[in-house]
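Here's the letter readout for the chains.
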Amino acid sequence: MTIDLPSLVFSKLSDNSNVSSFLCSDSEDLQDFLKNAAKNGQHEKISITYLVYSGPNLVGFFSLSMGCITSKDVPKKTLEIEDPPNKFPALLLARMATTDGMRSQGIGREMLKRVFNIAFDLTEQIGCRFVKVDAKKDPRTVSFYKKNGGFIQIHENSDTIQMIVDLNKIPNE
């Protein structure tokens, strides 16, 4: 199935959303999150999950939450602030996945564009300087965030790589 990217529909997860068709064999924890935890995350005001449809087909999702990063975690060369605060507000891209059979068609890039648009909207309402993601420790995933969002790595642990992008460094479309 070829995806018509301009016709993708983004909607917030609701109690009535049927996500049973979503399959993510690359990451069963992402699939499990969507099917078993995302609605509770919204009820508890921890995260908001957005579903992405191509026609009637659920082709992807992403979840957002608030976060912050400390100034010491931001490479000095990326900041142009003389006296930076101790912490910067950041939008956390908590989870993002494309369903099996739909990868490498631009859906992830479109979801990331939507994440940036939400982040720019936040800058007008409450302030938001960075978008942060704890990427799976997988070269393909890390490469995706570097290539499609300009993310840079700031930390690494056993299974994730924390990456950030400065909203002042990307165009507001």
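Residues numbered from 1 in each chain as written. Predicted model: local features only at pLDDT ≥ 70, side-chain atom pairs only at ≥ 80, totals over all residues. Heavy atoms only, no water.

Engineer: Describe in detail the layout of surface pockets, supporting the description with residues and values.
Structural biologist: By volume, the largest pocket is sized at about 980 Å³. Surrounding the largest pocket, 34 residues form its lining, Met96, Arg140, Thr141, Phe144 and Tyr145 being those nearest its centre. A breakdown of the residues in the lining of the largest pocket according to their chemical character gives 14 nonpolar, ten polar and ten charged. (1 Å grid on protein atoms, 1.4 Å probe; cavity = no way out; pocket = protein on both sides within 12 Å on 5 of 7 lines; lining within 4 Å. Points joined across faces, edges and corners; volume = space filled by probe spheres on them. Nonpolar A, V, L, I, M, F, W, Y, C, P; charged D, E, K, R; others polar.)

Engineer: So what's going on with the side chain of Gln31? Residues and values would help.
Structural biologist: Tracing the chain through its elements places Gln31 in helix H1 (residues 28-36). Every residue in contact with Gln31, bar those within four places of it in the chain, is listed here: Phe22, Leu23, Cys24 and Ser25. (Helix = DSSP H or I, 4+ residues; strand = E, 2+ residues; numbered from the N terminus. Contact = heavy atoms within 4.5 Å.)

Engineer: Quick one: what's the story with the nonpolar core, residue by residue and with numbers?
Structural biologist: Among the nonpolar cores identified, the biggest contains 34 residues, and Phe62, Leu91, Leu93, Phe116, Val131, Tyr145 and Phe151 are the most heavily contacted of them. Among the elements of the structure, strand E2 (48-54), strand E3 (57-70), strand E4 (87-98), helix H3 (107-125), strand E5 (130-136), helix H4 (139-149) and strand E7 (160-166) are those that each provide at least two residues to this core. Non-local contacts of Phe116, meaning those with residues more than four positions away in its chain, are made with Val131, Asn148, Gly149, Phe151, Val165, Leu167 and Ile170. Formed by 13 residues, the second largest nonpolar core is a distinct cluster that contains Leu34, Leu51, Tyr53 and Phe61. (Core = buried A, V, L, I, M, F, W, Y, C linked by side-chain atoms within 4.5 Å. Buried < 20%, exposed > 50% of the residue type's maximum accessible area, 1.4 Å probe, protein only.)

Engineer: Mind laying out the pairing of E5, listing which residues take part and the relevant values?
Structural biologist: The element E5 is extensively covered by neighbouring structure, given that five of its seven residues are classed as buried. Pairing of E4 with E5 involves four bridges; the strand directions are parallel. Each residue of the ladder has a partner; that of Leu93, found in E5, is Val133. Following the backbone out of E4, through H3 and into the adjacent parallel E5, one traces a crossover that is right-handed. Inspection of the sheet shows E5 paired to E7 by seven bridges, in the antiparallel sense. Residue Lys132 lies in a different strand from E7, and its bridge partner there is Ile164. (Pairing = 2+ DSSP bridges. Right-handed = clockwise from strand over helix to strand, strands pointing away.)

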